[in-house]
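Structural overview for review
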Amino acid sequence: ASSASASATSSPSPSPDFRFGLLADIQYTDTDDRTNFTGTQVRRYRNSLAVASDAIAFFNRYDDLSFVLHNGDIIDHQCAFDFETDAFKPKHVSYDHLGEVMRVLDDSACKEWVFTVGNHELYNFTRDELRDGVRGTNATTPLRCAHPETGSFYYAMRPARGWKVIVLDAYDVSVYGNGRGEGLDRAAVELLCEHNPNCARWVEDNPDVFETERMSGTFPYFQGLEGLGTRWVPFNGAVSEAQLRWLREELIAAKASEERVVVFSHLLVHPASTAKGSGRTLLWNYDAVLAVLEDDAYAANVSAVVSGHQHEGGLHTSEAGTHYVVMESPMLATPGRKGPWCVVEARGDSIDFVGYGRGPESKVFPDDMAGEEGVGDVEDAAPSVRRLPLRPVG
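Everything in this summary refers to the structure shown in the same document. Computed from a predicted model, the values in this text were never measured in an experiment.

**As for the overall build of the protein chain**
- Counting its secondary structure elements, the protein chain contains nine helices and 17 strands.
- Here the C-alpha radius of gyration of the protein chain, 20 Å, is about what a compact globule of 394 residues would show, namely 21 Å.
- The C-alpha extent of the protein chain, read off along each of the three principal axes, is 60 × 50 × 40 Å.
- Considering the protein chain as a whole, with its 394 residues, one finds that 60% of them fall into the buried category.
- Accessible surface computed for the protein chain: about 15,300 Å², of which carbon and sulfur atoms make up 47%.
- The distance from the centre of the 36 positive side-chain charges to the centre of the 58 negative ones in the protein chain is 2 Å.

**A few points about helix 1 (residues 47–59)**
- When the terminal C-alpha atoms of helix 1 are compared, their 19 Å separation across 13 residues agrees well with the 18 Å that a helix rising 1.5 Å per residue should span.
- Within the sequence span of helix 1, burial applies to S48, L49, V51, A52, A55, I56, F58 and F59.
- Among the structural elements, strand 2 (18–23), strand 5 (65–70), helix 2 (91–105), strand 8 (113–115), strand 15 (341–346) and strand 16 (350–356) are those in contact with the buried residues of helix 1.

**Observations regarding the packing of aromatic side chains**
- Using the criterion set out here, one finds 21 aromatic pairs in the structure.
- On the basis of an interplanar angle of 75 degrees and a centroid distance of 5.8 Å, the ring pair of F58 and Y356 is categorised as edge-to-face. Placement of F58 in helix 1 and of Y356 in strand 16 is noted, with a sequence separation of 298 residues between them. Summarising the burial analysis for this pair, F58 and Y356 share the class buried.
- Ring geometry for W232 versus W284: centroids 5.1 Å apart, planes at 20 degrees, classification stacked. Of the two residues, W232 is situated in the loop between helix 7 (209–212) and helix 8 (241–256) and W284 in the loop between strand 11 (260–264) and helix 9 (286–293); the sequence distance between them amounts to 52 residues.
- Given the relative accessible area of 8%, W232 is considered buried.
- In this structure an aromatic cluster arises from ring pairing among F18, F20, F67, W163 and F264.
- Sitting over the face of the ring of F210, R186 holds its NZ or CZ atom 3.9 Å from the ring centroid.

**Looking at the pairing of strand 14 (residues 323–326)**
- Here strand 14 shows a buried face lined by H323 and V325 and a second buried face lined by Y324 and V326.
- The pairing of strand 12 (residues 302–307) with strand 14 spans four bridges and is parallel. What sits directly across from V306, in strand 14, is V325.
- From the end of strand 13 (residues 314–317) to the start of strand 14, which pair antiparallel, there are five residues, and G321 there has a positive phi angle of about 95 degrees.

**Thoughts on the pattern of salt bridges**
- Summed over all chains, the structure comprises 15 salt bridges.
- Its salt-bridge partner being R19, residue E345 comes within 2.8 Å of it at the nearest N-O pair. Of this pair, E345 sits in strand 15 while R19 is found in strand 2, placing the two residues 326 residues apart along the sequence. Both residues of the pair, E345 and R19, belong to the buried class.
- Notably, a salt bridge pairs R347 with E345, separated by 3.1 Å at the nearest N-O pair. Each member of the pair, R347 as well as E345, is classed as buried.

**A closer look at the packing of helix 1 against helix 2**
- Contact geometry for helix 1 and helix 2: axes closest at 9 Å, N-to-C directions at 20 degrees. With respect to each other, helix 1 and helix 2 are oriented roughly parallel. Considering the relative orientation of helix 1 and helix 2, their crossing is right-handed. Every residue of helix 2 that contacts helix 1 at L49, A52, S53 and I56 is listed here: E100, V101, V104 and L105.
- The class makeup of the residues in the contact of helix 1 with helix 2 is six nonpolar, one polar and one charged.

About the cut-offs
Residues numbered from 1 in each chain as written. Predicted model: local features only at pLDDT ≥ 70, side-chain atom pairs only at ≥ 80, totals over all residues. Heavy atoms only, no water. Helix = DSSP H or I, 4+ residues; strand = E, 2+ residues; numbered from the N terminus. Rg over C-alpha atoms; globule rule 2.2 N^0.38 Å. Buried < 20%, exposed > 50% of the residue type's maximum accessible area, 1.4 Å probe, protein only. Areas by Shrake-Rupley, 256 points an atom, 1.4 Å probe, with all protein chains shown as cover. Lys, Arg positive; Asp, Glu negative; His and termini not counted. Charge placed at Lys NZ, Arg CZ, Asp CG, Glu CD. Expected span 1.5 Å × (residues − 1). Contact = heavy atoms within 4.5 Å. Phe/Tyr/Trp six-rings, centres within 6.5 Å; stacked < 30°, edge-to-face > 60°. Lys NZ or Arg CZ within 6 Å of the ring centre and 35° of its normal. Pairing = 2+ DSSP bridges. Salt bridge = Lys/Arg side-chain N within 4 Å of Asp/Glu carboxyl O. Axes fitted to C-alpha atoms, helices over the stretch in contact; angles between N-to-C directions. Parallel < 35°, antiparallel > 145°, perpendicular 65-115°, else oblique. Left-handed = near helix turned anticlockwise from the far one by under 90°. Nonpolar A, V, L, I, M, F, W, Y, C, P; charged D, E, K, R; others polar.

In structure tokens form, the structure reads like this:
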């Protein structure tokens, strides 16, 4: 596969067709720093709120953003569940934590927010709440993960002539599909257990799991799994057959209209964009989604697929030329540095990510020097630009 173009230090011209702000996986909770479930990364939960605030200040430098998008997992599972006592917390704890984040986002000059649904949204809130819009304590901006008019969690919009944005529901099929307190989805649990014997044993030993919802983060579900089979874990999900048909129809229509397409999904779609090719953060049915996106009939129209979920980020360009971008999480940001966040500029020949990575290990901004020794004050550090070239359409 080809690799994406590397970066420059200033925003290219001509003026973009449209711009939008982008960040993912704020995943805030008022908790001390700690490692994740598998012990592979340190999460700085409180610092993620400071990173989000800096992101909003950066976005506010632009007066022409079409929208700002947060690509799932806005607060952490720990806001809903106490893993030490093995019990749910009062619901107001989730609302209070959400309020802390949304009061930061309230400061955005651009009021057109797009929120994709991630697993942590479903740990904390019901799907009905996420459809109607969850109001955090003392915050104005609602967390709405569905289209405000249709109520669908997957939909398309056109921010500029010649461009279509597609938002996917990566948890259309999920053990937590109905959200907090609504019970686990039996069909999704059965599907998961068919592919993961650890989950099958857990359900057999804990038949009340459908009511207690004690799946994600409660037992060693990766044990014995290998390769791309590691995607079959409770915190991932799939798109439904109905959504797949809809996606294909949208891409066929984009081809007919000579539109470029940017797709958003909290879960990853391409195995090569996962950390070390592990597959742990993939859609359960990534292969079916990939077959639709990479169909030769319209693959040239699919410019980029942007995900979250994998906190260390990632980037891969397929043989067809589609860029699979994984935004890094503010939880992994190096304290005292800018990022990770960016403004995305869409042009006829490129998509440019203008912003900052999480630190020296950044996958999206490998040349990011913001805050590096000898560069000067972090506040003076210019944003990096990751330019991803596009193929001709039509």
